[in-house]
Amino acid sequence: MIPIIDSKRQYQTIAEEAERAVVEVMRSGSYILGANTKAFEGEIAEFFGAKYAVGLNSGTDALHLALRALDIGAGDEVITVAFTFVATTESIEIVGAKPVFVDIDPDTFNIDVNKIEGAITPKTKAIMPVHLYGQPCDMDMIMDIAKRHNLFVIEDCCQAVGAKYKGQMVGTFGDISALSFYPTKNLGCMGDGGVALTNSEFLKNRLVALRNHGGAIRYHHEEIGINSRLDEIQSAILRIKLKHIDKWNAARREHAYYYNELFAGCDAVKTPVELDDTYCVYHQYTIKVPNRDDLHKMLQERGIGAMIYYPIPLHMQKLHAHLGYKMGDLPVTEKNTELVISLPMFAELTREEQETVAKTVIECIEACAVAV
Ligand SMILES: *Cc1c(COP(=O)(O)O)cnc(C)c1O
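## Examining the packing of aromatic side chains
Working step 1: What the rule picks out here adds up to 13 aromatic pairs.
Working step 2: For the ring pair Y165 and F173, a centre distance of 5.8 Å and an interplane angle of 75° mean the geometry is edge-to-face. The pair formed by Y165 and F173 is uniform in burial state, with each residue classed as buried.
Working step 3: Ring pairing ties together the aromatic residues Y257, Y259, F263, Y282 and Y285, which thus form one cluster.

## Observations concerning the sheet that holds strand β8 (residues 176–180)
Working step 1: Strand order in the open sheet formed by 7 strands is β1-β9-β8-β5-β4-β2-β3, and the pairing between neighbours is mixed. The strands lining the two open edges of the sheet, one partner per strand, are β1 (52–56) and β3 (98–101). Across the sheet, the mean angle from the axis of one strand to that of its neighbour is 25°, orientation sign disregarded.
Working step 2: Where helix α4 (residues 86–94) meets the sheet, it contacts β2 (77–80), β3 and β5 (152–156), and its direction lies at approximately 140° from that of β3.

## Quick look at the pattern of salt bridges
Working step 1: With the rule as written, the count across this model stands at 20 salt bridges.
Working step 2: We note a salt bridge from K166 to D140, for which the minimum N-O separation is 2.5 Å. Taken together, the positions of K166 in the loop between β6 (164–165) and β7 (168–169) and D140 in helix α5 (residues 139–149) put the pair 26 residues apart, joining distant regions of the chain.
Working step 3: Given the relative accessible area of 38%, D140 is considered partly exposed.
Working step 4: Linking D293 and R292 is a salt bridge whose minimum nitrogen-to-oxygen distance equals 2.9 Å.
Working step 5: With a relative accessible area of 7%, R292 lands in the buried category.
Working step 6: Salt bridges here are not isolated pairs; linked through shared partners, they connect R68, D71, R206 and E223.

## Quick word on the site of the ligand
Working step 1: Taken together, the neighbourhood of the ligand is formed by 15 residues, with G59, T60, D156, S180 and K185 sitting nearest.
Working step 2: Here an oxygen atom of the ligand sits 2.8 Å away from a polar atom, N or O, in the main chain of G59.
Working step 3: Contacts to the ligand include D156, whose side-chain N or O atom sits 2.7 Å from a nitrogen atom.
Working step 4: Out of a free accessible area of 380 Å², the ligand has 93% covered by protein chains.
Working step 5: Mapped by element, the contributors of at least two residues to the shell around the ligand are α3 (59–69) and α4.
Working step 6: Here the element with the most residues in the shell around the ligand is α3; it accounts for 3 residues.

## Considerations on a nonpolar patch on the surface
Working step 1: Taken together, the side chains of M26, Y31, I32 and L33 define a hydrophobic patch exposed on the protein surface, amounting to about 370 Å² of accessible area.
Working step 2: Looking at the secondary structure, you find I32 in the loop between α1 (7–28) and α2 (35–48).

## Quick word on the packing of helix α8 (residues 245–262) against helix α11 (residues 351–371)
Working step 1: The geometry of α8 relative to α11 is characterised by a closest axis approach of 10 Å and an angle of 40° between their N-to-C directions. By the angle between their directions, the pair α8 and α11 is classed as oblique. Crossing of α8 over α11 shows right-handed handedness. Facing H255, Y258, Y259 and L262 of α8, the residues of α11 in contact are R351, Q354, E355, V357, A358 and I362.
Working step 2: Here the residues of the contact of α8 with α11 sort into 6 nonpolar, 2 polar and 2 charged.

## Focus: the nonpolar core
Working step 1: Counting residues in each nonpolar core, the largest one holds 55 residues, and the members touching the most others are I44, F48, I111, I142, L179 and F181.
Working step 2: For this core, the secondary-structure elements that each account for two or more residues are α2, α5, β9 (194–198) and α7 (232–242).
Working step 3: Formed jointly, this core draws a minimum of three residues from each of two domains, domain 1 (7–101 + 110–242) and domain 2 (245–371).
Working step 4: Dropping the residues within four chain positions of it, F48 is found in contact with V161, G162, M169, V170, T172, L179 and L197.
Working step 5: Counting residues in hydrophobic clusters, the runner-up holds 29 residues, among them F263, I287, L295 and I308.

## With respect to the sheet that holds β7
Working step 1: Across the sheet, which stays open at both edges, the 3 strands sit in the order β7-β6-β10 with antiparallel pairing between neighbours. A strand with exactly one partner marks an edge of an open sheet, and here the two such strands are β7 and β10 (278–279).
Working step 2: The sheet contact formed by β6 and β7 spans 2 bridges and is antiparallel. Across the sheet, the residue bridging to K164 is M169, located in β7.

## Considerations on the domain arrangement of the chain
Working step 1: Under the domain assignment, the chain is made up of domain 1 (7–101 + 110–242) and domain 2 (245–371).
Working step 2: In total, about 3200 Å² of surface goes out of reach between domain 1 and domain 2, with carbon and sulfur atoms giving 60% of it.
Working step 3: Inspection of the domain 1/domain 2 interface yields 1 salt bridge.
Working step 4: Its salt-bridge partner being R9, residue E353 comes within 2.8 Å of it at the nearest N-O pair.
Working step 5: Linking domain 1 with domain 2 are 21 residue pairs in polar contact (both at pLDDT 80 or more), by the criterion used here.
Working step 6: Looking at side-chain class alone, the side of domain 1 that touches domain 2 contains 20 nonpolar, 11 polar and 9 charged residues.

So, how was this worked out
Residues numbered from 1 in each chain as written. Predicted model: local features only at pLDDT ≥ 70, side-chain atom pairs only at ≥ 80, totals over all residues. Heavy atoms only, no water. Phe/Tyr/Trp six-rings, centres within 6.5 Å; stacked < 30°, edge-to-face > 60°. Buried < 20%, exposed > 50% of the residue type's maximum accessible area, 1.4 Å probe, protein only. Pairing = 2+ DSSP bridges. Helix = DSSP H or I, 4+ residues; strand = E, 2+ residues; numbered from the N terminus. Axes fitted to C-alpha atoms, helices over the stretch in contact; angles between N-to-C directions. Contact = heavy atoms within 4.5 Å. Salt bridge = Lys/Arg side-chain N within 4 Å of Asp/Glu carboxyl O. Near = heavy atom within 4 Å. Polar contact = N/O pair within 3.5 Å; in protein donor to acceptor, adjacent residues only side chain to side chain. Areas by Shrake-Rupley, 256 points an atom, 1.4 Å probe, with all protein chains shown as cover. Patch = residues over 30% accessible without salt bridge, like charges linked within 9 Å, V, L, I, M, F, W, Y side chains within 5 Å. Parallel < 35°, antiparallel > 145°, perpendicular 65-115°, else oblique. Left-handed = near helix turned anticlockwise from the far one by under 90°. Nonpolar A, V, L, I, M, F, W, Y, C, P; charged D, E, K, R; others polar. Core = buried A, V, L, I, M, F, W, Y, C linked by side-chain atoms within 4.5 Å. Domains from an automatic or database assignment. Buried area = accessible area lost by both parts, 1.4 Å probe.

Below is the structure:
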């Protein structure tokens, strides 16, 4: 049995330090917005080269509050993709704005930058690029379009902590960026957690107020906010994990290149493509194959963890039905939805496990081809 991710294995590598830190928090009596969260906010901001980080409950809240902080709401449109986790577009609906879907690039799975301008209307307020699977979007193009049309950029970096575009960390290009520390992410805590990054003091102050019932000063409420804070236990764990993230991301990259090698002789497997001058962190190692659903079933039967991210494109999900999209509107997104499958990927994965995964995938594909 080779799981798609093994959180326990990573835990074992930091167990002693993490357990000590958690006990210390419990003994301290300070559980929300204390010393650990403050320190972690500084450390993660520094890691990114951003001015400010605001600790929140989740990546979803980071996206939602980013939109709120930028005063995006009813009557506004936000350009994004339908090939992502639902939280990206759900956050736009939460604030009452309208997601406008642009198709993706078939190789990188990210927003097709050549189609963004065609989707801009007088109501467009922002572009929300998603660095899917840890792969950076074409940020030069996105920032250029945003500048020319006076649009905000909110980067969804929930799968891309540590990824770089032309040597610069993704998450430092836009006005606000969202990070998630959900346990399966590259930098995962042991519960829910997230951060919003920004270089603007004004936006940082708004985020700090919005996460705490709309007031920066206790019992003074300027506007309607929510309760969304990163807690001390998660912050203490994240401070320890952050020290390892570069090493873990480097290991993921090595694994990705080894998979590429193992699949090199198999034409049926389309391995991931990297843009020039990017540092992908392989949140997922996602291949494209024919007979994807058959392969998925066979891998499950053989104990290989594989997942479909994501089986239904968001423009076809019920929550967005009111937007009026139909099948055929986003042909590349729809096609990729049928072809993608993600294989086991985590820093502690061994070469032997990768060899077993690749061998099994190739055997199953050959079996599928014979059956067809
Ligand atoms: C995980 C994820 C989110 C949401 O993060 P949570 O912390 O689970 O709320 C948003 N966008 C993308 C692309 C994600 O992968």
